[in-house]
Structures are given as structure tokens and as C-alpha cells.
Amino acid sequence: MRYRISWIVCLILICSMALGQELPVKRTQKNPITGRVTVASTGEPVVGANVLILGTMLGAATDAEGKFIIPHITPNTYTVMVSAIGYKKEEKTVRVIPGEEINLRFSLQETVLLGDGIVVTASRYQQSINDIPVSLNLVPSQDLSERNITSVDQALRYVPGVNTLDGGQITIRGSSGFNWGVGSRVLVLLNGNPFMAGDLRNVNWYTIPTSKIKQIEVMKGSGSALYGSSAMGGVVNIITEEPEEGSHIHVSTFTGFYNRPTHSEWQWTDKRHHFEGTAVDLSTHIGSVSTLLSSNYQTTTGYRENDDHEIFNFMATLGYNYSPVIRFDLVAGYGRNKGGFFIYWKDLSHPYNNGSDPFGFRTRSTLKNTFVFPSVNYVINDRLYLSLKGRFNKATNDDRLQNKSEGNAEQQDTFRSSHVTTQGGELQVNYQINHQGIVVAGCDLQGDFVESIQFGHRHTSQSAYYVQYDQRIWGLLKTSIGARYDWEKAQGIGSTGELSRKFGLNLSLGAGTHLRLSLGEGFRVPAVGERFISTFTAGIRLYPNLALRPERSKSVEFGFRQTILRSMNLDVAVFYNEYKDLIEPQLDNDPDVAGVVVRFKNVIQARIQGFDISHRTDWWSQLVSTRIGYSYIDSKDLSPGDEYGSPLKYRSKHTLYVSNDLRLPSLSFGIDFRYLSKIQRVDEYHKVFIKDIDARVPTYVVAFRFGIIREHFSLRLLVENVFQYNYLISPANLAPPRTATLQLDVNY
Amino acid sequence: MIKTSVIGLVLSSILLAACNKGLTPPDIQSTRIEFPILPEGGNPVGFWLPDTTRPVDVTLLDEFPVDSIVFQSKLEGVFSLEVTGICSVNATIAFRPLIYNLGQVLELDIAITDTLLGMGPYEIIEDNALYLPVESNVLDFDTLGFTSQMNSLDLITLPAVFTFENTISLRFYSVIHLIRQDRNVARPANFLFTLRKKEGAY
């Protein structure tokens, strides 16, 4: 019933906006705007450049010859903006007169900053990163290919204020401590579609091939007013590439090995540990149809006991421009991750030995994930844009015990499993009120169906309605105000509703200077796993807690962004976040049960404040690039009790990332450095079952890259953890020793 | 240029010095443990309760000029060692020596009562010894030898010293006898007593 009402509301919304738009518009002759975009220095076409008519919903991308066409333009005066990664943005003002075709020529200059581009995550429509009211970092595709990034979470390590832990858990500005990825406080999107597993609200990173990602947008701060649950700490949006004109093939293969441990006492096997993988991408873009098939296979022996993995993933994207104003898209994929299950070490004397496996056994795990995201985008007229998205995601997880001395995992019974199906959809309408104002509104429906040994048979349904209004005042000040109402019903629990609001300002002071201010609210509905879990894992009995409430957050941020000489930018943000009812696993005294009993509970009230600074320079057409990111986090636990005022658990106070690249015509050198200060506190309950969890050190990691680049191939040598520094990637989890990787890329 | 080079050199030196550290293994201590009697090992995993017929044997390690010394002892509680490597222990143990000499029984007012409480990962060393995360007030119960059969588990303590009136010290060890139980069986509440003579005392 609730679904029906939601759909009816959506339809009314669309119809009223469409009708409201049509009434005042006169029927006049409409003309196209055509043009060509070339590189200023060489005159070669810029393929895939983004062409937007500011103040409207209209736009296009350039083809293989750099040409574009935007049909059906109502006579008026417009500003046309062209942007492309690696080039300086350019704008032209044109007056469209009835019966007259406009033909524009853009000559883009190179050397624009790599991280300075067009983003979509901040407001659900395309805009310059300089115009948004929140902190947002871009990870360009180049960062992934140069570092042989095989899992998207690895790419986020170099984003200021972001930290990734073993198991794929992301934390932005200290929003999360350490919970093995369960109940992520960062929402992850794939092309704007939520990509979270319905049972644990974690991310199956292994499903997404990394070789054809256009960019990753990392929005910081509470974003629930646009994106709903989980967007408490921020939003990560992974955007795949649009295939270039023609047919192309890309093959990437790599092989590498792990060094032996630094200390001979830690040597746990005589075997050599290695990893290898191959990715193949086929893309075609002919006429109005574009397809991309991307597959990836990789194996690793792991460097720890029972840490081997075999990963396969496949993703297909299909784009079809049915007409100049209607486009169909389909993104579908499948991923499988088979292997061991290493959660924490045995102890500091045996850090590579598995401490989380049962006595005499090893846990073998198989994870599978299938997803399908169809969508249709319809530019109804130059003011009204409609996007309808569907989503289907099925994730399965089966864990079996294998006797260490004998037997085969396949012959053992599954002792832990979860099968989750997520179905849903979203309708979004963007309405351009005038040249300076835009309204974004929509609704989102989703149902999660969980069948699990440890969670039981559960069903949750969610619906949400959001609206946002952005208005530019005097051409300099951009305001943004929005709200979203989320409703959730969980089987056996009842329903809850959450209202999240946001407000933002962006002031352009000229000369590349932008000030911004944002206030946002966030919340996270407890995951099915947190509410209903009933299992015995890693030595602890996890029991359900049906009384869990949603977590909530409020964030305030003031930011400053300065671009200097088009080759350098500096971004500084000061933030203040409050968290309420954070859910953490807690020891529970149960007199009837022998052993360690843990329940998820709403226990933490917290405040996190700090600042982050990011600086980037790209000199001489990116011949020399430098990036520096520093983040300071001051966290306080404000929960009543003995721990009042102490720092939050598993947070580093200081993080520093430095990256330098020298890119000659046929050679490239790069060096990365990461520093994270020692985490200030660990969870007392972890001490009950994890030995030496209090062993902590700061993180200092240096990585080195060397590449030979040719037109159709590149060969790279990458050395990670050059100094073989022994640090932790998560509590009681030693990072890999030095690794060396040889990577070959071939493009045709 | 020189300034930049010097700064770069200093920063590189700091970086190299910092990167050269990191986690190191703890000092390795000898894991060879000498028990008064040889534990035979086995599989200690299970849910264990005191053997009601003979919960604890206490054995003296020294000769004394008396006819015999026996110990009253009692034990109640549970010992749970999970297959996952986690254990929980919640038990109380008490000893009181009775000295028999020249037909007289000397009952000492001093007794040892200890609480064994702990929960966390246990470790099996050299197949016949256990490290348990157990806290106790008087005696050490964190390192125990064990002999396990199908339905019984004997825990052997390391030698301990029992001193009374600051004059006499008794060196002894004890063997805790446990039997396997289903988890659902109610825990016995009665105190149990056993008397054990030092072998060869008569």
C-alpha cells in the first residue's frame, strides 16, 4: 500500500511539474546549437568533452571528431560551457535567434588541474566543483591506472580525510571506527545507484572492475538530505567511463609478489606469496549506441594464513540515445570472491597466522554479487529533465568450515550464509526555474529481502521523498536548501521516519576564490545484520537487539578553495560534526550463557571536529604533479560514563598524504607517502577475544612507481611499502610487507 | 637551491628513520613448561563441570616430619572451551590442609580460597598445556597442563607454595577433574569435598 501511495505521489509530482512547465511556454521555432571542440595547441579534436548550456537541462558530449549538437533550443541568450578532464574549462555566450543555426568553436587549453572538473554528486546534477557548497574530492581514472588499483576502496586511500581499513570499510572524517565493514556510515553509489548489500549495509568492492572508471567523487559530511540512510559521513560515487567513438580493446595484466616478513619469527610458511590478474575491456560507440564490456580475474595467495582469494568480476554497460532527448542506460555486473577468511591475527608473535578461525579449522568463504541498474533519462524541454532508475542487486555469502588436517571445504556444511535481494527504483526530476535557479525533486523506493542462517528471514522496505532548491544570487552567491524524508519498515520491528535537512552557500569572490558553507543532517537505519544477528563467530556469540534506533548526525562545514594560475589549487575545510546514538557492538552480561556475548547497541554520543587541507599542482601539462592532503580530527566520546571526554576508538588524529609524479613523454615516475598517526583507543571488548589488539603504531608507507609509456602500451613497476614498515591495516591485522608488481597495459 | 636540498635531505632522513620502525615481535619467552606430572594432552574443547566424585586432587611435593598432610578441597563452577579458541571460566576453588601427627589432627584456621574468572582466547602450547585468560587472587591458573579423554578433562597446575604462620611452606600441585556436560544441564550448586593423602605419608 505504501508503495502504491509513493508511486502515485511521484506521478503527481511529474505531471504537475511537466504541466506547470508547458503552460507558460510559447510555441516558437527551436534551433540547434552545434559546434566543435579542439585542443588549442594542436587543433586535434577533444573526444568526450562535456558541453552544457548553463541554466538549462540541455547538454551533449563531443564525438570522435570533437563535434557536438544540442537540438531544440528555444530562442534566448545562453552561456555554453565546455569542459573535459585535462583541459581548461571554456564558456561562450550565444544568442539564439529563430531560424538561425548557431555553430560554435571551442579551443581548449591544456594543463587544467586533474582534480578540477565537473561533478554530479553534490546536488544530483552536473556542476563545476568550484560551485558546490560542500567538500568534494575527485579521484580521476589516471590515479587508478597508475597505481594498479584493483579494488575501488584502495583508490580512496589518497583522499584527504578518508581512511580505508581491511575489509573494505571506509571512514570519512572519522565517521566510523572499526566494525569490519558492517553498517557503513558512508554511502557508496555506482553511477548514482546505491551499491550497498541489503543485510550488512557494507560494500562488495570485489564486484566492480576498476579499469573503466571515469572518476570517483568523494563528498564529505552528512548527505542524508539528498541520499538518505548511510550518508552520515559522506557519499562515494563511482562513475564509469562513457565509451569513446569507435571500437576499442584494453588488456591489462599484472603479476607481483610479497616480500618475506621482516622478522624471522613471523615467517609462518616457506611458500612464496604472490598475486596476479588480468582485465579485458571491450568498448564500442557507434552512432547512438555505446557498449562497454569489462571483465577482471585475479588471484592471490595472500600473505597471511587462510588469506588466499580468487576474484572474478564482469560488468556491462549499454547506452542508447533513442533520440536527442531520450537516453536509455543499463549497467549490469556480476562478481565472485572465493577464498579464505582472515579477520584478525593469532597474536603479535604470530601476526600472519589466523586467529579468527575456529580451533583446528579454517573458514572458506564464497561471495557472489549480481546487479542490474537500468535507467532512462528524458530531457522533456530545456527546463525539465526526468530520470527514472531501477535497481536490482543480489548478494550471497556462504561460509564453510574446512578441517585443517583433512577434508575439503566443499564437503562441509555451510555454517553461515546470507542471501539478499534488493529491488528498488528512483524517480528524479530536475526543473530549471530560471537561468539561476534549479529544483531537484524525487522519490526512492527499495525493498530488501534477506534469507540467512545468522539473520533469519527478514524483509525491510524503504521509501523516500526529497527536494532541493539551488539559486544563484547576483551571479556570485549560490544557495542550496533541501530536505528528504525517509520511511523504513522492518519486518517484526515496525516503521520509523527520518527527516534530514541541508543548507549550503557558495560565494565566488573572483580570481579563482570560492568560499563555502554547509549544514547537513544525516542518519543511518540499523542494518538487518545489526538488528537480527544471531550467530557464533570468531569466538563471540552475537545476539539480536530489536530495540536498535537509527543513528543521527549533524555537520557544519566552512571551506575555502583557491585556484592559482590554473595549475594549482588549495582547498581548506573546517568541520564540526555531532553524532548521536551511534551503534557499536558491546559486551553483554547474560548469566544464562557461557562465553562472550555481544549485542549491537546505541551507545555512543560523539563530537568530531577538525580540518582538512588539500593542495594540488599540475605543471606543464601534468609533466610534474604534486598532491598533498592533510587532515586533523579531534574526536570526543560524549557518552555518559567513564569514557566521557576520551577520544573515539580506532580514529587517527592526523593523516597526511603526499604524492609526486613526473610524467615525461615516454617515462613516468611517481612516489606516494601516507602517514596516519597511531589510533588513540581500541575497543575494550575486542581485548576479550583478540590477543595483542593494543599493539599500535603510526603508519608510514612509501610507494614507488616507474612506467614506460608508449602510444598503445605501457609497462609499469610498482613497489608498495618500500621500506617494509610493519603497520596495521585494521586492528590486529598486519599490513602486507613490501610488494612488487609488474603491470602491462595494451590499448587498441 | 641549497636550502631546498637541505630541507629535502632532512625530511628524507626523518622519513627513513620513521619507516624503519613499526611493529616488532614481543620478546619470545620459552614455552617449555615443566609440570609435576606429565599432561597427556588431547582435545580440551567442550563444556566442563567439576567431577562430583573427585573434583580436585592436591599433592604435596615435599616431605614433612608428620604422619600425613591431607587437603580438604572444594570446587564449583564451569569451564567452557569453545572450538573457536575462546574460553570462559567461572569457578571457585578452596583448599584447607589437615595435619595428622601422632594420632592428632591439626586443623589449621588458614585456608586458600580462590576465584577463577576469565573469558577470552585460550591457547594450546605444545599439545598438552593451556594458556587461559583466567584471573585468580592467590594461585596461578593461567597456565595448566591437561589430559583429555572422551568425557573427562584433568587440568594440572604448576607447583604452588602454601605458607602459614610464616613458618611452614608447603609446595604442592593440584589436579582439577572435570567431566563433559551438555550445556543445558543445570550447574551443580553443592560444595564438594575430597580428602587426599600425600602418597607414601603413612
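(A) Just the overall build of chain B, in detail. Of the regular secondary structure elements, chain B holds one helix and 14 strands. Here the analysis covers contacts within chain B between residues at least 6 apart in sequence; of these, 59% occur between residues at least 24 apart.

(B) Molecular detail of the overall build of chain A. Counting its regular elements, chain A contains six helices and 44 strands. Over its C-alpha atoms chain A spans a radius of gyration of 26 Å, differing by no more than 12% from the 27 Å that the globule rule assigns to 748 residues. Dimensions of chain A, computed from the C-alpha atoms along their principal axes, are close to 85 × 60 × 50 Å. Across the 748 residues in chain A, those meeting the buried criterion constitute 49%. Long-range contacts, defined here as pairs at least 24 residues apart, represent 63% of the contacts in chain A between residues at least 6 apart.

(C) Geometry of the sheet that holds strand S6 (residues 90-95) of chain A. Residue and element names in this part refer to chain A. If you walk across this open sheet you meet the four strands as S3-S2-S5-S6, and the pairing is antiparallel. Looking at which strands have only one partner, the edges of the open sheet turn out to be strand S3 (59-61) and S6. Strand-to-strand twist across the sheet, computed as the mean angle between neighbouring axes with direction ignored, equals 20°. Examined bridge by bridge, strand S2 (residues 50-54) and strand S5 (residues 77-83) share five bridges and lie antiparallel to one another. Note that in S5 the partner of Ile53 across the bridge is Val80.

(D) Geometry of the sheet that holds strand S4 (residues 67-73) of chain A. Residues and elements named next belong to chain A. In space, the three strands of this open sheet follow the order S4-S1-S7, with mixed pairing throughout. Strand pairing shows two members of the sheet lacking a second neighbour, S4 and strand S7 (102-108), which therefore form its edges. The mean inter-strand angle of the sheet, taken between neighbouring strand axes irrespective of direction, is 20°.

(E) Up close: unusual backbone geometry. All names here are of chain A. Phi at Asp692 is positive, roughly 55°, even though this residue is not glycine. Structurally, Asp692 can be placed in the loop between helix H6 (684-689) and strand S40 (699-709). Even without a glycine there, the phi angle at Ala732 is positive, about 55°. The class for Ala732 is buried, based on 25 C-beta atoms found within 10 Å.

(F) Structural detail: the nonpolar core. Among the nonpolar cores identified, the biggest contains 153 residues, and Val218 and Val236 of chain A are the most heavily contacted of them. Broken down by element, this core gets its largest block of residues, six residues, from strand S4 (residues 86-101) of chain B. Viewed by domain, this core spans two of them, domain 1 (2-108) and domain 2 (118-747) of chain A, each represented by three or more residues. Excluding residues that lie within four positions of it along the chain, Val236 of chain A makes contacts with Leu156, Ile170, Val186, Val188, Leu189, Ile216 and Val218 of chain A. Membership of the second largest hydrophobic core comes to ten residues, among which are Phe600, Ile608, Ile633 and Leu648 of chain A.

(G) Broad picture of the confidence of the model for chain B. Residue and element names in this part refer to chain B. Confidence in the prediction of chain B, expressed as mean pLDDT, is 74, and 74% of residues score 70 or more. By mean pLDDT, the top-scoring element of chain B is strand S11 (residues 152-157) (90), and the lowest-scoring one is strand S14 (residues 194-197) (34). Predicted confidence for residues 185-202 stays below pLDDT 50, and this span has 36 contacts to residues more than four positions away or in other chains. What the predictor reports for the complex is a pTM of 0.78 with an ipTM of 0.72.

(H) Quick look at the confidence of the model for chain A. When the pLDDT values of chain A are averaged, the result is 87; 92% of them are 70 or greater. Across residues 13-27 of chain A the pLDDT falls below 50, and counting only partners more than four positions away or on other chains, this stretch makes twelve contacts in the model.

(I) Local environment of the environment of Val682 of chain A. Relative to the helices and strands, Val682 of chain A resides in the loop between strand S39 (667-676) and H6. Linking Val682 of chain A and Gly177 of chain A, residues 505 residues apart in sequence, is a C-alpha distance of 9.2 Å.

(J) Quick look at the pairing of strand S37 (residues 624-637) of chain A. Residues and elements named next belong to chain A. Of the two faces of S37, the one holding Ser625, Arg627, Gly629, Ser631, Ile633, Ser635 and Asp637 is buried and the one holding Val624, Thr626, Ile628, Tyr630, Tyr632, Asp634 and Lys636 is not buried anywhere. Here S37 runs beside strand S38 (residues 654-663); their pairing, made up of nine bridges, is antiparallel. Residue pairing for S38: Ile628 is matched across the bridge by Val658.

(K) Spotlight on the environment of Asp114 of chain B. Residue and element names in this part refer to chain B. Structurally, the position occupied by Asp114 is in strand S6 (residues 112-121). Along the chain, Asp114 and Thr92 lie 22 residues apart, while their C-alpha atoms are 5.8 Å from each other. Leave out the neighbours within four places in its chain, and Asp114 touches Ile93, Ser136, Asn137, Val138 and Leu139.

(L) Fine view of the environment of Thr563 of chain A. All names here are of chain A. Mapping Thr563 onto the fold places it in strand S34 (residues 551-564). In this structure Thr563 comes out as partly exposed when scored by C-beta crowding, with 19 C-beta atoms within 10 Å. Spatially, the C-alpha atoms of Thr563 and Asn130 are 9.2 Å apart, while their sequence positions differ by 433 residues.

What counts and how
- Every chain begins its residue count from 1, and numbering advances along the sequence as written.
- Following the order in which they are written, the chains are lettered starting with A and the ligands numbered starting with 1.
- It should be noted that, the model being predicted, local features are given only for residues of pLDDT at least 70 and side-chain atom pairs only at 80 or more, the latter also being counted only at that level, while totals for whole chains, interfaces and linings use all residues.
- Strands are runs of DSSP state E lasting at least two residues, helices are runs of H or I lasting at least four, and both sets are numbered from the N terminus onward.
- Our contact criterion uses C-beta atoms placed from the backbone: two residues qualify when those atoms are within 7 Å.
- Computation of the radius of gyration draws on C-alpha atoms alone. For the globule rule, the value is 2.2 Å times the number of residues to the power 0.38.
- Three exposure classes are used. Buried residues have 20 or more other C-beta atoms within 10 Å of their own C-beta, exposed residues have 12 or fewer, and partly exposed residues fall in between, all C-beta atoms being placed from the backbone.
- Should DSSP find at least two bridges between two strands, the strands are taken to pair.
- Here, axes are lines fitted to C-alpha atoms. For helices the fit covers the stretch in contact, and angles between N-to-C directions go from 0 to 180 degrees.
- Think of a nonpolar core as buried Ala, Val, Leu, Ile, Met, Phe, Trp, Tyr and Cys residues, each tied to the set through C-beta atoms within 7 Å.
- These domain limits were set by an automatic method or by a database of domain assignments.
- Residue-level confidence of the predictor, termed pLDDT, takes values from 0 up to 100.

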